[in-house]
Amino acid sequence: MNSAAIKSGLSRHPRGSLSLMFRQTQAASFTTKDGKEKKENFAKKFLEPAARGELHKHQSGIPKLAVRKHKGHSLKDAFPGKESEEIIKNTINLKLGAADTAVGADSLQRDNLEMNGAERRTPQQRKNMKLLSQVALESLFEGAKPQDLDQGLSENHHKWLGTKQSIQQSLFRQQRNIKQQGHRGGPSGSRPKYDMWGDEENQADLDDPWITDAMYFRYENPHVESKREPKPIVFPTNRVNPPEEFVQAHGAFAYVTNVPRPLVNGEVGSYENPLHRHEVTEFVADVFSVPASNVFCATMTSAFVGFKDAKDAAQAVIRSERKRIVTGKKIEATLYSGQENSSEEEKDFVTKSVSPDAVIQLKNIPVGMKSGTVARIMHRVADIEGKDVFMSSPTTALLRMSSNQAATSLLQNRRMNETLASIQRQILRVHCARRELVHDRFSGPVRQFQLKKLTNRLIVDGDVPSRDFFLSHSGVLHLCNVPVGISKEVISDYFQKFCVERRDVEGSIEIVKSLDGHPTGRVYVGFDLERECNEAWKELLASGQKIMLNKAGPAARVRPVKEIALPRGSKLGDRSERTQEELIASFKEWKDYVDPKDIEILESFGVTIDVLEEAFTAARNNPTFGVEDQARKGERLRNEYAPGDHFREFVQMYIDTLKELGTTKENPGLKYEAMFLPDEEIDYDLIDEEKERLALLRERFSR
């Protein structure tokens, strides 16, 4: 049978959402009745060019789906028969833990060398591991995707199900299971099985040779609260953004920190001096083996590096792993001997010590290191504060000890040499950087889809918290200069006093790390309630925006993470919160909605207050008058009601209905009288029977 190149159908997604399935089919070459070859073929004309990224002017959504396959599909030769399984599993795992797992090729090779005997990986396995590491890095360096710019595309989610070979293997296994059930005589028809698409298995589908590749497609309408975005916090504050020409000339960017500050003719490098900036540019260009034109000096200790694309960036990071470790001159630690050309500040520093022999002189320390940084590092081996350190030159520091014996003992301490070696060794830290996305306009039917545009501003990983972290908290604070050894528990305990509930240590603290997993000193602290974040910021603002998380320091600076104004809608705010006592008391709130005179009238009908209370308590079990009625605005099914108004309206309507149906012999009411003909005598036996029935019920339940 000659069929079109695409078979499409509607199927129910396992989660319950409607999914549109597209199954690519082999393009069948066939002829018409007169024997001439048919020229038009949909697959060759549209699908195959689309799979190569050639959409031309075609406006259908099918070519777009065909081109948006998984990035790892190009690696199918590395995992014969298991392309979908291996690539999706490893790439996602590496991407989620990129800070800890995105390592370079040299690290992988060292791991392989440490293995011996049968445990050593084969060359093909090492090649695959190196390839996966590069794929993970590529995914991190990738810029904005089409769905990031066009909300209409981002809401059309798709999932790549696999290639022809992997799908057919799965179908063959399903076919074998069906045959085995038939041989065993099991009830194969009583329990239908489902394939990878969620459809019921069909023998005709298993034998159908047209299946090649498959994906499913679904549409989502995200809530306005999920479109919140944080404003970037530039750190350090003096970081300079590259010019427009630099940004436009490259497709991927890396931000490199911890670059050694240059020392030119005995002068510490200054950003205002173009020759000093050129020293930083040349150094970073040599580390990453790129032209100097691909490097922009952002500060005297950091730079942006531009690459052609994400693949080029990933390869450069892997190649530069060893070069990123910079070892300076050996740091010499001796007792202070004094110098003839000493400054007045140096002489005054030495004079205030116990004696000149109680002062230790450190030479060849990294350029630009401040006295506070030296004090924090040396605090590991000695009780030294910032006031006990004096920088006599850009590469020389003086340490003032408590006594001559303390100075001599410190010089002989083995840990002292290890500490000096750690100062001597600097490691360049690499971060991903991307162009900023900002709101452009709305498009599509009734202008419902938001369109964004790229700017020439580069946002570094860590300038904003991760999307999931930000959306899961009502307020976020940003901490910088946090000591490396500070744990999440310490930070969480510090902010516990501002929170109503016990803080989630792991979920409420996000530590910013470089690509090699090293903490950068930047931390994001999340709060469940916006008022908690505001209270914390108000107190910290009064104390100078600084907090001490340990005795050694340094003081961490705190800033609030501001939000970008939503182009449409508004933030919903905090959810309602009530104590246990308030929740119990809310079951009796119905009395506030009823006139006491109405309760007296109902009691005259035999409807006592305990009956009403039982009825309204049971009504609260209904979600309409319970959790849904307490939902905040924007999440309610009926936004015309304020929280609690639906239950209030129900109580008042219930009372009015009971009053209308109330019947006595003195005043039977129009509804009771309507049960009889106009000339017919009204029978009050029903009223007496109802009273007897209620009396029996009260007697039964009172026992």
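Described in the following lines is the structure provided in the data block.

1. Examining the pattern of salt bridges
One side chain can pair with another of opposite charge once the charged atoms of both are near each other.
Part 1: This structure, assessed with the given rule, holds 19 salt bridges.
Part 2: Arg 228 serves as the salt-bridge partner of Glu 563, at 2.9 Å between the closest nitrogen and oxygen. One end of the pair, Glu 563, is in the loop between β22 (556-560) and α21 (580-585); the other, Arg 228, is in the loop between β4 (211-219) and α11 (244-248), and 335 residues separate them in sequence.
Part 3: The exposure class assigned to Glu 563 is partly exposed, which follows from its relative accessible area of 26%.
Part 4: The salt bridge partner of Asp 645 is Arg 648, with a shortest N-O separation of 3.9 Å. Of this pair, Asp 645 and Arg 648 both sit in helix α24 (residues 645-661), three residues apart, which is roughly one turn of the helix.
Part 5: With a relative accessible area of 28%, Asp 645 lands in the partly exposed category.
Part 6: The exposure class assigned to Arg 648 is partly exposed, which follows from its relative accessible area of 35%.
Part 7: Through salt bridges with shared partners, one network takes in Glu 225, Arg 228, Glu 530, Glu 563 and Lys 571.

2. Re the packing of aromatic side chains
Part 1: Considering all chains together, one arrives at 16 aromatic pairs under this definition.
Part 2: Here the aromatic rings of Phe 616 and Phe 650 are separated by 6.2 Å at their centres, their planes lie at 85 degrees, and the arrangement is edge-to-face. Remark: Phe 650 occurs in helix α24 and Phe 616 occurs in helix α23 (residues 609-619); sequence separation between them is 34 residues.
Part 3: With relative accessibility at 2%, the residue Phe 616 sits in the buried group.

3. Focus on the nonpolar core
Part 1: Residues Phe 141, Val 284, Phe 288, Val 305 and Phe 307 are the most contacted members of the largest nonpolar core, which totals 30 residues.
Part 2: Sorting the residues of this core by element identifies α6 (123-141), β5 (252-257), α12 (274-288), β8 (295-299), β9 (302-307), α13 (310-319) and β16 (429-443) as the ones contributing at least two each.
Part 3: When residues of this core are assigned to their parent elements, the largest contribution, six residues, is made by α13.
Part 4: Contacts of Val 305, omitting those with residues within four sequence positions, involve Phe 246, Ala 252, Phe 253, Ala 254, Val 256, Val 284, Phe 288, Val 290, Asn 294 and Val 295.
Part 5: If you look at the next biggest cluster of nonpolar residues, it comprises 21 residues, including Ile 331, Val 374, Val 389 and Met 401.

4. Some remarks on α13
Part 1: Buried within α13 we find Ala 310, Ala 313, Ala 314, Ala 316, Val 317 and Ile 318.
Part 2: Two or three places before Lys 311, at the opening of α13, Asp 309 has a side-chain oxygen 3.3 Å from that residue's backbone nitrogen.

5. Describing the sheet that holds strand β14 (residues 396-400)
Part 1: One open sheet accounts for four strands, arranged β11-β12-β14-β13; its pairing is antiparallel. The outermost strands of the open sheet, each flanked by one partner alone, are β11 (332-335) and β13 (389-393). Within the sheet, the average angular offset between the axes of one strand and its neighbour, ignoring direction, is 25 degrees.
Part 2: As paired strands, β13 and β14 are joined by four bridges and run antiparallel to one another. In the strand pairing of β14, Ser 393 is matched with Thr 396.
Part 3: Contacts from helix α15 (residues 371-378) reach β13 and β14, with the element oriented near 125 degrees to β13.

6. Structural notes on the sheet that holds strand β18 (residues 475-480)
Part 1: Spatial ordering of the open sheet is given by β19-β20-β18-β22-β21, a layout of five strands whose pairing is antiparallel. Edge strands, defined here as strands with exactly one partner in the open sheet, are β19 (509-513) and β21 (546-547).
Part 2: Bridge count between β19 and strand β20 (residues 519-527): four bridges; the pairing is antiparallel. The residue of β20 that forms the bridge with Lys 513 is Pro 519.

7. Quick look at a negative patch on the surface
Part 1: Residues Glu 680, Glu 681, Asp 683, Asp 685, Glu 689 and Glu 692 make up a contiguous surface patch of negative charge.
Part 2: Within the secondary structure layout, Glu 692 lies in helix α26 (residues 685-702).

Conventions used here
Residues numbered from 1 in each chain as written. Predicted model: local features only at pLDDT ≥ 70, side-chain atom pairs only at ≥ 80, totals over all residues. Heavy atoms only, no water. Salt bridge = Lys/Arg side-chain N within 4 Å of Asp/Glu carboxyl O. Helix = DSSP H or I, 4+ residues; strand = E, 2+ residues; numbered from the N terminus. Buried < 20%, exposed > 50% of the residue type's maximum accessible area, 1.4 Å probe, protein only. Phe/Tyr/Trp six-rings, centres within 6.5 Å; stacked < 30°, edge-to-face > 60°. Core = buried A, V, L, I, M, F, W, Y, C linked by side-chain atoms within 4.5 Å. Contact = heavy atoms within 4.5 Å. Polar contact = N/O pair within 3.5 Å; in protein donor to acceptor, adjacent residues only side chain to side chain. Pairing = 2+ DSSP bridges. Axes fitted to C-alpha atoms, helices over the stretch in contact; angles between N-to-C directions. Patch = residues over 30% accessible without salt bridge, like charges linked within 9 Å, V, L, I, M, F, W, Y side chains within 5 Å. Areas by Shrake-Rupley, 256 points an atom, 1.4 Å probe, with all protein chains shown as cover. Lys, Arg positive; Asp, Glu negative; His and termini not counted. Charge placed at Lys NZ, Arg CZ, Asp CG, Glu CD.

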